[in-house]
Amino acid sequence: MITAKARAVDGPDQPFRAAEIKRRDLDTHDVLIEIKYAGICHSDIHTAHGEWGAVNYPLVPGHEIAGIVTEVGSEVTKYKVGDRVGVGCMVDSCGECENCRKGEEQYCLKGNIPTYAGVDKYGEPTQGGYSTHIVVTEGFVVRIPDNIGLDAAAPLLCAGITTYSPLRHWGAGPGKKVAVVGMGGLGHMAVKIAHAMGAEVTVLSQSLSKKEDGLQFGATHYYATSDPDTFGKLAGHFDLIINTVSASINLDAYFSLLTLDGTLVNVGAPGEPLSLNVMSLIGHRRSFAGSMIGGIRETQEMLDFCAEHGIAPQIEVISADEIDEAYKRVLASDVKYRFVIDTSTM
Ligand code: NAP
Ligand code: ZN
């Protein structure tokens, strides 16, 4: 067993505290990763606060993990000691079902094993990246390209792939008008990636306070959703809307912004149900869809795409003692644009 330092939370209203957790001895296909940086995703907050259902506390969140391989199991072929690697939202899946065989392990028919708040194949609770070490089977580890710093790479493992995957799936590219709703961690990556794919990008944010940043990330247009004129001006305009908002929004208002055959993809995952009026879809053969992270092969593709296009998240590196404060700031939409924990401060 390996002992790792970590930051854990004991209940929905509790602060983070220093903890020690055990990581399993390496199985033949496992790699031991010394975690250097871990991003803070809004999903960590939903989970820690119990908004997605009952949680087995103590909980160590974190599924945007970047670090260095320090040991490999006897049959590992993909990685060697010293490699720069990442781990995202899942650490295993059945590997045999139709979806796993397609490389869509996130949609494993038996359920993927999430990086934290899950149970691994040994029956142990999984604990995430707010820690100094993690043991993961090599098939769920990806390689971080040399020209992306480990600190900036961390958020790509969730915010990057969660936006890259639907943008690819729904064909963002030249000639396509894409709107991104909410410019936080996921949203700012969606802007950068959609722009790099060649789409015309519009940000729909609550206010214009981050407009300069949005244009610099690659958006051509930037509108405030608090301005009632916005929805009239943009009616029927977009081929694709990616909604990254962590709370419920008035979906019908956003459907009205889609063209004929346009699609609104929800990646935002608020704890409460969203309601909609089907008439807003029927009228223009519009679609409403969801999308969850991306498969391992696609995650590697996304990292290589970001390296090739010089894309990285804009981050604010914090110490382990600042996690509670960072959560408050994310909840207040005061994040530019991803907090990343330096795990050497654990
Ligand atoms: P985040 O950094 O907090 O960004 C969310 C953004 O939504 C905020 O920056 C804000 O943008 C906007 N927003 C927040 N509250 C709002 C409200 N009440 N009304 C309108 N807009 C609001 O969060 P994130 O880490 O990007 O995650 C976003 C959501 O995606 C979360 O629900 C998370 O759990 C989910 N998620 C899903 C997946 C998946 O696989 N589908 C993966 C990761 C995360 P503006 O200030 O620009 O308005
Ligand atoms: Zn996440």
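This is a predicted model, so every value here is computed, not measured.

### A word on the overall build of the protein
Moving on, step 1. Along its length, the protein carries eleven helices and 17 strands.
Moving on, step 2. Expressed as lengths along the three principal axes of its C-alpha atoms, the size of the protein is roughly 60 × 40 × 35 Å.
Moving on, step 3. Of the roughly 14500 Å² that the protein leaves accessible, carbon and sulfur atoms contribute 49%.

### Observations regarding the layout of surface pockets
Moving on, step 1. The space that makes up the second largest pocket amounts to roughly 450 Å³.
Moving on, step 2. In terms of lining residues, the second largest pocket is bounded by 20 residues, among which Lys22, Arg24, Asp120, Glu124 and Pro125 are the most central.
Moving on, step 3. Contributing elements (two or more residues each) for the lining of the second largest pocket: strand 2 (16-23), strand 6 (90-92) and strand 8 (133-137).
Moving on, step 4. If you tally residues by element for the lining of the second largest pocket, the top one is strand 8, at four residues.
Moving on, step 5. Its residues assigned to classes, the lining of the second largest pocket comprises nine nonpolar, four polar and seven charged.

### Describing the confidence of the model for the protein
Moving on, step 1. In the predicted model, the protein carries a mean pLDDT of 98, and 100% of its residues have values of at least 70.
Moving on, step 2. In the model of the protein, helix 9 (residues 279-282) stands out as the element of lowest mean pLDDT, 96, in contrast to strand 10 (residues 177-181), which has the highest, 99.

### Digging into the site of ligand 1
Moving on, step 1. In the vicinity of ligand 1, 29 residues are found, and the nearest of them are His42, Met183, Ser205, Lys210 and Arg338.
Moving on, step 2. One of the side-chain nitrogen or oxygen atoms of Ser43 is found 2.8 Å away from an oxygen atom of ligand 1.
Moving on, step 3. Computed on the free molecule, ligand 1 has an accessible area of 920 Å², of which 88% lies beneath the protein chains in the complex.
Moving on, step 4. By residue number, the principal contributor to the shell around ligand 1 is helix 1 (residues 42-48), which donates three residues.
Moving on, step 5. Class assignment for the residues of the shell around ligand 1 results in 13 nonpolar, 14 polar and two charged.
Moving on, step 6. Shared between two domains, the shell around ligand 1 holds at least three residues of each, these being domain 1 (2-158 + 313-345) and domain 2 (160-290).

### Section: the UniProt feature "domain: Enoyl reductase (ER)" (unreviewed entry) in the protein
Moving on, step 1. Under the present numbering, the feature "domain: Enoyl reductase (ER)" (unreviewed entry) in UniProt falls on residues 11-341.
Moving on, step 2. Along residues 11-341 the backbone is 25% helical and 25% strand, and the end-to-end C-alpha distance reaches 21 Å.

### Quick look at the side chain of Ser291
Moving on, step 1. Of note, Ser291 is situated in the loop between strand 15 (287-290) and helix 10 (296-309).
Moving on, step 2. What makes Ser291 buried here is its relative accessible area of 13%.

### Here we look at the domain arrangement of the protein
Moving on, step 1. Domain boundaries assigned for the protein yield domain 1 (2-158 + 313-345) and domain 2 (160-290).
Moving on, step 2. Put simply, the middle of domain 1 and the middle of domain 2, counted by C-alpha atoms, are 27 Å apart.
Moving on, step 3. Each partner contributes residues to the interface: domain 1 has 14 residues there, and domain 2 has 18 residues.
Moving on, step 4. Between domain 1 and domain 2 the total buried area reaches about 1300 Å² when both faces are included, carbon and sulfur atoms providing 52% of it.
Moving on, step 5. Viewed at the interface, domain 2 and domain 1 are joined by zero salt bridges.

### Some details on the pairing of strand 17 (residues 338-342)
Two faces, one strand: in a regular strand the side chains alternate between the faces of the sheet.
Moving on, step 1. With five of its five residues buried, strand 17 lies for the most part within the structure.
Moving on, step 2. Two elements, strand 3 (residues 30-39) and strand 17, share three bridges in a ladder whose sense is antiparallel. Each residue of the ladder has a partner; that of Tyr37, found in strand 17, is Asp342.
Moving on, step 3. For the handedness criterion, the β-α-β arrangement of strand 16 (residues 315-318), helix 11 (residues 323-331) and strand 17 is classed as right-handed.

### Considerations on the pattern of salt bridges
Moving on, step 1. For the structure shown, the criterion picks out 14 salt bridges.
Moving on, step 2. Among the ionic pairs, Asp10 bridges to Arg17, the shortest N-O distance being 2.6 Å.
Moving on, step 3. On the basis of relative accessible area, Asp10 is assigned to the partly exposed category, the value being 37%.
Moving on, step 4. Residue Arg17 is classed as partly exposed on the basis of its relative accessible area, which comes to 33%.
Moving on, step 5. The partner of Asp83 in a salt bridge is Arg143, with the nearest N and O atoms 3.2 Å apart. Of this pair, Asp83 sits in the loop between strand 4 (65-72) and strand 5 (84-87) while Arg143 sits in strand 9 (residues 142-143), placing them 60 residues apart in sequence.

### Description of the sheet that holds strand 14 (residues 258-266)
Moving on, step 1. The sheet built from six strands is open, its strands ordered 12-11-10-13-14-15 with parallel pairing. Both outer strands of the open sheet, strand 12 (221-224) and strand 15, are each paired with one neighbouring strand and no more. Strand-to-strand twist in this sheet, taken as the mean axis angle between neighbours without regard to direction, amounts to 20 degrees.
Moving on, step 2. One ladder, built from five bridges, connects strand 13 (residues 238-243) with strand 14; its direction is parallel. In the sheet register, Ile241 faces strand 14, and the bridge partner there is Leu264.

### Brief notes about the coordination of the zinc ion (ligand 2)
Moving on, step 1. Coordination of the zinc ion (ligand 2) by the protein involves Cys41 (SG), His63 (NE2) and Cys158 (SG), with metal-donor separations of 2.0 to 2.2 Å.
Moving on, step 2. The sequence pattern describing where the donors of the zinc ion (ligand 2) fall on their chain is C-x21-H-x94-C. Separated by 22 residues along the polypeptide, Cys41 in the loop between strand 3 and helix 1 and His63 in the loop between helix 1 and strand 4 bring together distant segments of the chain.
Moving on, step 3. Relative accessible area serves as the criterion here: at 7%, His63 is assigned to the buried category.

Parameters and conventions
Residues numbered from 1 in each chain as written. Chains lettered and ligands numbered in written order. Predicted model: local features only at pLDDT ≥ 70, side-chain atom pairs only at ≥ 80, totals over all residues. Heavy atoms only, no water. Helix = DSSP H or I, 4+ residues; strand = E, 2+ residues; numbered from the N terminus. Areas by Shrake-Rupley, 256 points an atom, 1.4 Å probe, with all protein chains shown as cover. 1 Å grid on protein atoms, 1.4 Å probe; cavity = no way out; pocket = protein on both sides within 12 Å on 5 of 7 lines; lining within 4 Å. Points joined across faces, edges and corners; volume = space filled by probe spheres on them. Nonpolar A, V, L, I, M, F, W, Y, C, P; charged D, E, K, R; others polar. pLDDT = per-residue confidence, 0-100. Near = heavy atom within 4 Å. Polar contact = N/O pair within 3.5 Å; in protein donor to acceptor, adjacent residues only side chain to side chain. Domains from an automatic or database assignment. UniProt positions renumbered as here; feature names shortened; annotations may be inferred. Buried < 20%, exposed > 50% of the residue type's maximum accessible area, 1.4 Å probe, protein only. Contact = heavy atoms within 4.5 Å. Buried area = accessible area lost by both parts, 1.4 Å probe. Salt bridge = Lys/Arg side-chain N within 4 Å of Asp/Glu carboxyl O. Pairing = 2+ DSSP bridges. Right-handed = clockwise from strand over helix to strand, strands pointing away. Axes fitted to C-alpha atoms, helices over the stretch in contact; angles between N-to-C directions. Donors = N, O, S within 2.8 Å, 3.2 Å for Na, K, Ca; no water.

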